Amino acid sequence: MNSHELSGLIRATAEIHRLPVKLVQAIVQVESGGNPWAVRYEPGFYAFYVKGRGRKVWHGCSRETEERMRATSFGLMQIMGQVARELGFDEPFLTALCAPLQGLEWGCRYLAKQIQCYDGDPESGVAAYNAGSASRRADGRWRNQAYVDKVRLEGGFT
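Cut-offs applied
Residues numbered from 1 in each chain as written. Predicted model: local features only at pLDDT ≥ 70, side-chain atom pairs only at ≥ 80, totals over all residues. Heavy atoms only, no water. Helix = DSSP H or I, 4+ residues; strand = E, 2+ residues; numbered from the N terminus. Buried < 20%, exposed > 50% of the residue type's maximum accessible area, 1.4 Å probe, protein only. Contact = heavy atoms within 4.5 Å. Phe/Tyr/Trp six-rings, centres within 6.5 Å; stacked < 30°, edge-to-face > 60°. Lys NZ or Arg CZ within 6 Å of the ring centre and 35° of its normal. Expected span 1.5 Å × (residues − 1). Arc of directions from axis to C-beta. Pairing = 2+ DSSP bridges.

Caption draft 1: Structural context of the environment of Tyr147. Considering the arrangement of structural elements, one finds Tyr147 in helix H9 (residues 145-153). With relative accessibility at 9%, the residue Tyr147 sits in the buried group. Each C-alpha atom, one on Tyr147 and one on Glu31, is 9.5 Å from the other, the two residues being 116 residues apart in sequence. Every residue in contact with Tyr147, bar those within four places of it in the chain, is listed here: Ile27, Val30, Glu31, Val126, Tyr129 and Asn130.

Spelled out as structure tokens, the structure:
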């Protein structure tokens with residue numbers, strides 16, 4: 001997929017979810033650099049949130065495989081497997097979430113939900129997209145301020 005085709009997919013998916021196109025473009029750049037096959041396993045997330053909590057096994061894989069995939073981020077927007085399952089995703093992770101259109105769909109769905117949860121504030125929504133919730137430290141900065149700043153530098157809050 002060339003950059004022109006990717007830009008078109010980002011624009012279309014962002015518009016469906018009523019998200020600023022530049023915000024989605026910035027998140028794609030920060031999360032994957034535009035690589036739809038980007039995959040990142042989060043062992044801390046697995047140990048704390050997922051291990052031993054898998055109740056259902058999808059597509060014939062083992063319970064452990066399902067759990068580990070829930071602790072992995074996939075695709076252009078690096079949507080976490082656990083988050084995708086919570087949103088209703090029921091396909092195999094790698095082949096579906098790394099498909100550009102599917103990855104954008106589920107990532108935008110989650111981003112729109114987070115922004116809505118924070119009264120339409122995109123900065124709070126971005127902080128929550130990355131960390132699960134938008135929490136500030138005592139000095140008023142986001143707990144994940146470096147991530148929010150990266151999205152800002154990519155033009156996400158213009």
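Next comes the rest of the write-up.
Caption draft 2: Geometry of the packing of aromatic side chains. Tallied over the full model, the rule gives 5 aromatic pairs. An angle of 5 degrees between the planes, with centres 5.5 Å apart, marks the rings of Phe74 and Phe93 as stacked. Of the two residues, Phe74 is situated in strand E2 (residues 72-74) and Phe93 in helix H6 (residues 93-97); the sequence distance between them amounts to 19 residues. For the pair formed by Phe74 and Phe93, the shared burial category is buried. Sitting above the plane of the Tyr46 ring, Arg68 keeps its charged end 4.3 Å from the centroid.

Caption draft 3: Inspection of helix H2 (residues 21-32) at higher detail. Look at H2: 16 Å from first C-alpha to last across 12 residues, which is about the 16 Å you get at 1.5 Å a residue. Within the span of H2, buried status applies to Val21, Leu23, Val24, Ala26, Ile27, Val28, Glu31 and Ser32. Close packing links the buried residues of H2 with helix H1 (3-16), strand E1 (39-41), helix H7 (100-117), helix H8 (122-131) and H9. Positioned one or two residues after H2, Gly33 has a phi angle of 65 degrees, which is positive.

Caption draft 4: Fine view of helix H4 (residues 63-70). Within H4, the full set of buried residues consists of Glu66, Glu67 and Arg70. For H4, the arc enclosing every buried residue in end-on projection is 95 degrees, short of the 170-degree limit, so these residues lie on one face.

Caption draft 5: Fine view of the sheet that holds E1. Taken in spatial order, the 3 strands line up as E1-E2-E3 in an open sheet, and their pairing is antiparallel. If you trace the sheet from one side to the other, it starts and ends with E1 and strand E3 (79-80), each paired once. In this structure, E1 lies alongside E2, joined through 3 bridges in antiparallel fashion. If you follow Tyr41 over to E2, its bridge partner there is Thr72.

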